[in-house]
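Descriptive structure summary
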Amino acid sequence: MKSAYLMSIMFLCGCTGDKATFDHTGDVTVINGELCAGTKDAEPGDVFTQYAIYPVHETHPRRHYVILPAWKQCLPNGNYRSGETWAAEYILMKPGGALRRYLVEFIVP
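Residues numbered from 1 in each chain as written. Predicted model: local features only at pLDDT ≥ 70, side-chain atom pairs only at ≥ 80, totals over all residues. Heavy atoms only, no water.

Focus: the pattern of salt bridges
Short version of the rule: Every case where a carboxyl oxygen of Asp or Glu lies within 4 Å of a side-chain nitrogen of Lys or Arg is listed as a salt bridge. Each helix is a run of DSSP H or I of at least 4 residues and each strand a run of E of at least 2, with the numbering of both proceeding from the N terminus. Per-residue accessibility, obtained with a 1.4 Å probe over protein chains only, is compared with the maximum for each type, and a residue is labelled buried under 20%, exposed over 50%, and partly exposed between these values.
As enumerated under the stated definition, the model contains three salt bridges in all. When the shortest N-O distance is used, the salt bridge between K94 and E43 registers 3.3 Å. Here K94 is found in the loop between β7 (85-93) and β8 (99-107), whereas its partner E43 is found in the loop between β4 (34-38) and β5 (47-55), with 51 residues between them in sequence. Here D46 ties to K94 by a salt bridge, and the two come within 2.8 Å at their closest N and O atoms. Placement of the pair is D46 in the loop between β4 and β5 and K94 in the loop between β7 and β8, with a sequence separation of 48 residues. For D46, a relative accessible area of 2% puts it in the buried group. Shared partners join several salt bridges into a network, and the residues in it are E43, D46 and K94.

Listed below in structure tokens is the structure:
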């Protein structure tokens, strides 16, 4: 099994204008050789309502509006190109309707 080295650069970002403010740092892990962007904060009943995973130089990333279980789940992902810096933005909704916004950047060597 090929092992993957993953360096995660995590930070909080405050955006202006019509962009969301990301108030939580996301998680990126490797599970069975696949990158998994999600959050360890998720609990039973939580769902992802929106996500975007893209190279950081992307000016208009494609956002996916979904209702996906978040507890012990990973966001769908694509083929990450080695050496590029990627970003994952996602919104987690609690059962009462409270939203948490996450952002994480990562590099796949």
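Now that the structure has been shown, the text picks up again.
What about the state of the cysteines?
Let me state the cut-off plainly: For this text, the term disulfide refers to a pair of cysteine sulfurs within 2.5 Å.
This model, assessed by the stated rule, comprises one disulfide. Between the sulfur of C36 and that of C74 lies a disulfide, 1.6 Å long from S to S. Negative torsions about the S-S bond denote left-handed disulfides, and the value of about -105 degrees found for C36 with C74 makes this one left-handed. Placement of the pair is C36 in strand β4 and C74 in the loop between β6 (64-69) and β7, with a sequence separation of 38 residues. Residue classification places C36 among the buried residues on the basis of a relative accessible area of 7%.

Observations concerning the nonpolar core
Using the following cut-off: Throughout, nonpolar core names a set of buried Ala, Val, Leu, Ile, Met, Phe, Trp, Tyr and Cys residues whose side chains join them through atoms within 4.5 Å. Any two residues whose heavy atoms approach within 4.5 Å are treated as being in contact.
By size, the foremost hydrophobic cluster in this structure holds 18 residues, and its most contacted members are I53, L75, Y80, A88, Y90 and F106. Broken down by secondary-structure element, the contributors of at least two residues to this core are β4, β5, β7 and β8. Among residues more than four places away in sequence, those in contact with Y80 are L35, I53, W86, F106 and V108.

Describing unusual backbone geometry
With phi around 55 degrees, K72 is a residue other than glycine that occupies positive phi space. Topologically, K72 is positioned in the loop between β6 and β7.

A look at the packing of aromatic side chains
Put simply, the rule is: Put simply, two rings from Phe, Tyr or Trp (the six-membered ring, in Trp's case) pair if the centres are within 6.5 Å, and we call them stacked under 30 degrees between planes, edge-to-face over 60, tilted for the rest.
If you walk through the whole model with that rule in mind, you get two aromatic pairs. For the pair F48 and Y90, a centre-to-centre distance of 5.7 Å together with 90 degrees between the ring planes defines the contact as edge-to-face. With F48 in strand β5 and Y90 in strand β7, the pair connects residues that are 42 residues apart, well separated along the chain. The burial state of F48 is the same as that of Y90; both residues are buried. Connected via pairs of aromatic rings, a cluster forms that spans F48, Y90 and Y102.

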